[in-house]
Amino acid sequence: MKPMRKRGIMGREVRFLLAAALLGVVALAVLAAQPARVSAQKYGGELKAMLREGWPSMSIHEESTSSATWPMMPLYNNLVLYDPARPIESSEHLVGELAESWSWSPDSKRLTFKLRHGVTWHDGKPFTSADVKYTLDLVRGASDKRLKRNPRKSWYENVQEVTTN
């Protein structure tokens, strides 16, 4: 019978040191390949991003993941949205897109939007307050029509009704 050869602690230590040295060399090579850092932050430019999966549908009202909302958002307009030039989103940073202006009633229970004039749908038909009512009633579940999924229905639980002038 051959005696078993024991691995000593020295063997593990040597392997660990070799692995650490190799990792250090790789890290230095990566740092050396990086361009020099600029001390001041640069604004502007172009962001290139990739969506790894296909979107489940083109309906941003029926989807809740960025896989659908991110690629589809440029195809849709909002009444208002957050100012993209501001780093922090708050109600003071809203800008109108389909709404020219908006105001709250003195009791803060009624929100009125003044819609932008001259906006048309892809087929040339005018955009109206009836279109806004239809969409809001649909997403809050107050329409005869139903969405397949409605992940944001609870956002509108406090809305009693949508009326048009």
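Remember, it's a predicted structure, so these values are computed and weren't measured experimentally.

Visitor: Mind laying out the nonpolar core, listing which residues take part and the relevant values?
Guide: Counting six residues, the largest nonpolar core consists of Leu79, Leu98, Ala99, Leu115, Phe127 and Val132. Each residue touching leucine 115, except ones within four places of it in the same chain, is listed here: Leu79, Leu98, Ala99, Glu100, Phe127, Thr128, Ser129 and Val132.

Visitor: Describe the pairing of strand β4 (residues 111–115), and please don't skip the residues or the numbers.
Guide: Where strand β3 (residues 99–104) lies against β4, five bridges are found, and the strand directions are antiparallel. Residue pairing for β4: tryptophan 104 is matched across the bridge by leucine 111. Hairpin connection from β3 to β4: six residues lie between these consecutive antiparallel strands, with serine 108 at a positive phi of about 60°.

Visitor: I'd like to hear about unusual backbone geometry, residue by residue, with values.
Guide: Positive phi is not limited to glycine here, since serine 108 has a value of about 60°. With respect to the helices and strands, the residue serine 108 is situated in the loop between β3 and β4.

Visitor: A description of the environment of glutamate 100 should follow, citing residues and the corresponding values.
Guide: With respect to the secondary-structure elements, glutamate 100 resides in strand β3. Exposure remark for glutamate 100: the relative accessible area of 34% places this residue in the partly exposed category. Measuring from C-alpha to C-alpha, the distance between glutamate 100 and leucine 79 comes to 8.5 Å, with 21 residues separating the pair along the chain. Those residues in contact with glutamate 100 that lie beyond four places of it in its chain are Lys114, Leu115, Arg116 and His117.

Visitor: How would you sum up the pattern of salt bridges? Please name residues and give values.
Guide: On inspection of all chains with the given rule, the structure shows six salt bridges. Salt-bridge contacts for lysine 48 lead to glutamate 46; the nearest nitrogen and oxygen are separated by 4.0 Å. Lysine 48 gets classed as exposed once you look at its relative accessible area, which sits at 70%. By relative accessible area, glutamate 46 is classed as exposed at 66%. Linked by salt bridges that have partners in common, Lys133, Asp137 and Arg140 make up one network.

Visitor: Describe in detail the side chain of glutamate 62, supporting the description with residues and values.
Guide: Along the chain, glutamate 62 turns up in the loop between α1 (9–33) and α2 (66–72). Of the side chains bearing the opposite charge, lysine 148 lies closest to the buried glutamate 62, which forms no salt bridge; the N-O distance is 5.2 Å.

Visitor: How would you explain the environment of serine 57 if you had to name every residue and give the values?
Guide: Mapped onto the elements of the fold, serine 57 is located in the loop between α1 and α2. Once the C-alpha coordinates of serine 57 and alanine 68 are considered, the two residues, 11 residues apart in sequence, prove to be 6.6 Å apart. Beyond its immediate stretch of four places on either side in the chain, serine 57 contacts Glu63, Ala68 and Met72. A distance of 3.3 Å separates the side chain of serine 57 from the backbone nitrogen of serine 59, its partner in a polar contact. Separated by 2.8 Å, the side chains of serine 57 and glutamate 63 make a polar contact.

About the criteria used
Just so you know, the residues in each chain are numbered from 1, in the order the chain's sequence is written. Where totals are concerned, whole chains, interfaces and linings use all residues; where local detail is concerned, this predicted model gives features only for residues with pLDDT of at least 70, and gives and counts side-chain atom pairs only at 80 or more. Water and hydrogen atoms play no part in the side-chain values, which are based on all heavy atoms of the structure. We define a nonpolar core as any set of buried Ala, Val, Leu, Ile, Met, Phe, Trp, Tyr and Cys residues linked to one another through side-chain atoms lying within 4.5 Å. Buried means the residue's accessible area, taken with a 1.4 Å probe over protein chains only, is under 20% of the maximum for its type, while exposed means over 50%, and partly exposed covers the values in between. Two residues qualify as a contact provided that any one of their heavy atoms is within 4.5 Å of a heavy atom in the partner residue. For two strands to pair, DSSP has to find at least two bridges joining them. A run of DSSP states H or I qualifies as a helix once it reaches four residues; a run of E qualifies as a strand once it reaches two. Both are numbered from the N-terminal end. Think of a salt bridge as a Lys or Arg side-chain nitrogen and an Asp or Glu carboxyl oxygen that are within 4 Å of each other. Under the counting rule used here, the positive set is Lys and Arg, the negative set is Asp and Glu, and His together with the chain ends is not counted. Any pair of N or O atoms that falls within 3.5 Å is considered a polar contact. Within protein, one atom must be able to donate a hydrogen and the other to accept it, and sequence-neighbouring residues count only if both atoms are side-chain atoms.

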